[in-house]
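Examining the three-dimensional arrangement
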Amino acid sequence: MNSRQGSNVTRPCLYRSNPNVFEGGCGREMTRVSAYYPFGIGLLAGTVVFALAAGRGGVVGVGLAFVVIGAAATWHAVRQLSRPDQARPEDDRRAASGLPDDEHQSGADLPGWQHFWHQVMPVWAGHLKSSRSQSEAAIGSLTQRFSGIVANLDRSVAASTSAEAAGSGNGGKGLIEVFARSERDLGQVVASLTSSVNSKAAMLQKIQGLNRFIRELHTMVADVARISDQTRLLSLNATIEASRAGELGRGFSVVAGEVRKLANLSGEIGGRIDGNVAVINQAIVEACKAAEQSVREENQTVATSEATIAGVLASFREATDALVESAAVLRNSSGGIKAEISEAMVQLQFQDRVSQIVSHLEQSFDRFLSSIDEQEAERQRGSGVAPMDPAPFLAELRKTYTMNEERSLLNGSAEPSKSAGASAGAAASGGSGDVTFF
Amino acid sequence: MAKTILTVDDSLSVRQVLGTLLKSAGYDVLEACDGQDALSKLKGQKIHLIISDVNMPKLDGIGFVKAVKQLPTYKFTPIIMLTTESEEQKKKEGQAAGAKAWVVKPFKPDQMLGAIEKLVLP
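Overview of the structure. None of these values were measured; they are calculated from a predicted model.

1. Observations concerning the overall build of chain A
- In terms of helices and strands, chain A carries 12 helices and 1 strand.
- Helices (α) and strands (β) of chain A occur, in sequence order from the N terminus, as α-α-α-α-α-α-α-α-α-α-α-α-β.
- In chain A, which comprises 438 residues, the proportion classed as buried is 32%.
- Within chain A, contacts between residues at least 6 apart in sequence are counted, and of these 75% link residues at least 24 apart.
- Put simply, chain A shows about 24,300 Å² of open surface, and 59% of that area lies on carbon and sulfur atoms.

The following block contains the structure:
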């Protein structure tokens, strides 16, 4: 119903000077209500800001704060209007003079107010509900992303630790264990090479030991040659002596000739032996030279290999140490970031509390509309319409509260701003974080 | 073997904050958005501890705790109530229903993990 229809319809007087009798129009309230329009506008503006901030991933809390402050101010306006005992002096003067006011003349009435609130309240409640939904969705999405980041950090740290760790725990695949095993294997290769070189050196020494036998053979050949010469000289003397003996020495001369032949033959054999020994000696000398050259080269190879392996291992160790250090830095940084994100996530619990507060505000809007309906029903029954009593209304509102800061706000024992700060910062009021064991 | 914890809360952000905290501490986590959902999640699972909100749609926390205590498998499973409620009367209701601890939101991670360690059997 339009608030300006019919002058015979009594206008709701949420505020009036006499609490016991309904006195008709109270156009003064229009002036008072209009004073609270900015709060309503603040509520709507806050809702718009909140929606924009949430949509762009901006500071959702700022928009939400606008909404809550606007809603609280509006509720404050409604409470002021419903108090029968707080008439302003000019209102009292106007009532005492009996002069009608402009709004009374215009025909505003209780059904009009009922219509007004039934139109406006659901819109405000809708904005609050929308704000709450967007806040829940945005914070939910935020916590989900944070949760994903924490999980990724966990995986990165685990992978880094696994790559770095010593092999005992992960089948020997750790970087440090791989390095240690490579160092051991390469050390064995160098040891094998050194062993081979040592074997060759030992063999060389044995070959060089053959020289002693060559020298002995040379001595023996010289002895054979000397014996051959002396035998030949002796056979020559025997031939001379045989020729002196004449016919009697003929046979002896033959023997002496045979002895000389044997002496010559042994001398020739000695010469051949000497030649062969010289060849063998030359072969041994050359073999020794070749073996010495080989041993020297292999020693050089082993030394070069050892130096190369040591260099490679040093580089590898340097790289490993750098990786281990970098992994440790990564792990520490990841741990720090994870702790920061976890802490930030814990702070996001404010959304649950804000959501509950807004939900209670929505419930109180519904209750307010019911109260207006009840008052209108009383008016239609013809009974005197009693002023709206805030006490039962607030008592019912109190029943919906779950947080101490809400109750404190209702009792007037805490400033709204402080209360809001407490819910965001967690601990100051309401026993936040307290643990009770049963 | 990691212990499994069921978190019951109609607030997605609270469930996710709890989930992240508990997984980081080495627990497996199951989530439910109200008492009814939680009762259905209990079937066929081995749950070592339950963390439940109080004010939830469909089936509230107190009703849920009472229902859990009727289940032979979960009769002795410890339950922590995690709620914005801090009134003594509500705490007494939780205790009477069978909860083992009452934590007021917003919780502090150390206190929550301490309470869990105290209640979960080794």
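2. Some points on the packing of aromatic side chains
- All chains considered together, the criterion is met by 5 aromatic pairs over all chains.
- Judged by centre distance (5.0 Å) and plane angle (75°), the ring pair of Phe116(A) and Trp117(A) falls under edge-to-face.
- Residue Phe116(A) is classed as partly exposed on the basis of its relative accessible area, which comes to 30%.
- The class of Trp117(A) is buried, set by a relative accessible area of 5%.
- Grouping aromatic residues by their ring pairs yields a cluster made of Phe116(A), Trp117(A), Trp124(A), Phe368(A) and Phe393(A).
- Over the face of the ring belonging to Phe213(A) we find Arg212(A), whose NZ or CZ atom lies 4.6 Å from the ring centre.
- The side chain of Lys118(B) reaches across the aromatic face of Phe437(A), ending 4.1 Å from its centre.

3. Overview of the pattern of salt bridges
- Summed over the entire model, instances satisfying the criterion amount to 24 salt bridges over all chains.
- Of the charged contacts in the structure, one is a salt bridge between Lys105(B) and Asp352(A), with a shortest N-O distance of 2.7 Å. In this pair, Lys105(B) is assigned in the loop between strand E5 (101-104) and helix H5 (109-119) and Asp352(A) in helix H9 (residues 350-380), connecting two distinct chains. With respect to burial, Lys105(B) and Asp352(A) carry one shared label: buried.
- Across the pair Glu87(B) and Arg407(A) runs a salt bridge whose closest N-O atoms are separated by 3.2 Å. Residue Glu87(B) is found in the loop between strand E4 (79-83) and helix H4 (88-97), and its partner Arg407(A) is found in helix H11 (residues 404-411); the two belong to separate chains.
- Note on Glu87(B): relative accessible area 32%, which makes it partly exposed.
- Residue class for Arg407(A) comes out buried when judged on its relative accessible area of 5%.
- Because the salt bridges share partners, they merge into one network encompassing Asp352(A), Asp9(B), Asp53(B) and Lys105(B).

4. Some details on the interface of chain A and chain B
- Of the residues lining the interface, 34 residues belong to chain A; the matching set on chain B comes to 31 residues.
- Between chain A and chain B, a total of about 2,800 Å² is buried, with carbon and sulfur atoms accounting for 55% of that surface.
- Summed over the three residues of chain A that lose the most area to chain B, namely Gln349(A), Phe437(A) and Phe438(A), the buried surface amounts to 27% of that side.
- Linking chain A to chain B there are 3 salt bridges.
- For the interface between chain A and chain B, the tally reads 16 residue pairs in polar contact (both at pLDDT 80 or more).

5. Quick look at the nonpolar core
- Counting 26 residues, the largest nonpolar core has Ile51(B), Ile80(B), Met112(B) and Ile116(B) as its most contacted members.
- When contributions to this core are tallied by element, the ones reaching two or more residues are helix H6 (110-164) and helix H8 (250-347) of chain A together with helix H1 (12-24), strand E3 (49-52), E4, E5 and H5 of chain B.
- For Ile80(B), the residues in contact, after removing those within four places along its chain, are Leu49(B), Ile50(B), Ile51(B), Ser52(B), Ala101(B), Val103(B), Ala115(B), Ile116(B) and Leu119(B).
- Judged by nonpolar contacts, the second largest core, of 20 residues, contains Leu6(B), Ile50(B), Met81(B) and Trp102(B).

6. A closer look at the pairing of E4(B)
Residues and elements named next belong to chain B.
- For E4, the buried fraction is high: 5 of the 5 residues fall into the buried class.
- Neither face of E4 is left uncovered, since the one carrying Ile79, Met81 and Thr83 and the one carrying Ile80 and Leu82 both have all their residues buried.
- Across 3 bridges, E3 lies against E4 in parallel orientation. Within the sheet, the bridge partner assigned to Ser52 lies in E4 and is Met81.
- For the crossover that starts at E3, traverses helix H3 (residues 61-69) and ends in the parallel E4, the hand is right-handed.
- Where the polypeptide runs from E4 across H4 and back to E5, its parallel neighbour, the crossover connection is right-handed.

7. Regarding the environment of Met388(A)
Residue and element names in this part refer to chain A.
- By the secondary structure assignment, Met388 is in the loop between H9 and helix H10 (390-400).
- Relative accessible area serves as the criterion here: at 12%, Met388 is assigned to the buried category.
- Once the C-alpha coordinates of Met388 and Phe368 are considered, the two residues, 20 residues apart in sequence, prove to be 9.9 Å apart.

Here is what the cut-offs are and how they apply
- Residues numbered from 1 in each chain as written.
- Chains lettered and ligands numbered in written order.
- Predicted model: local features only at pLDDT ≥ 70, side-chain atom pairs only at ≥ 80, totals over all residues.
- Heavy atoms only, no water.
- Helix = DSSP H or I, 4+ residues; strand = E, 2+ residues; numbered from the N terminus.
- Buried < 20%, exposed > 50% of the residue type's maximum accessible area, 1.4 Å probe, protein only.
- Contact = heavy atoms within 4.5 Å.
- Areas by Shrake-Rupley, 256 points an atom, 1.4 Å probe, with all protein chains shown as cover.
- Phe/Tyr/Trp six-rings, centres within 6.5 Å; stacked < 30°, edge-to-face > 60°.
- Lys NZ or Arg CZ within 6 Å of the ring centre and 35° of its normal.
- Salt bridge = Lys/Arg side-chain N within 4 Å of Asp/Glu carboxyl O.
- Buried area = accessible area lost by both parts, 1.4 Å probe.
- Polar contact = N/O pair within 3.5 Å; in protein donor to acceptor, adjacent residues only side chain to side chain.
- Core = buried A, V, L, I, M, F, W, Y, C linked by side-chain atoms within 4.5 Å.
- Pairing = 2+ DSSP bridges.
- Right-handed = clockwise from strand over helix to strand, strands pointing away.

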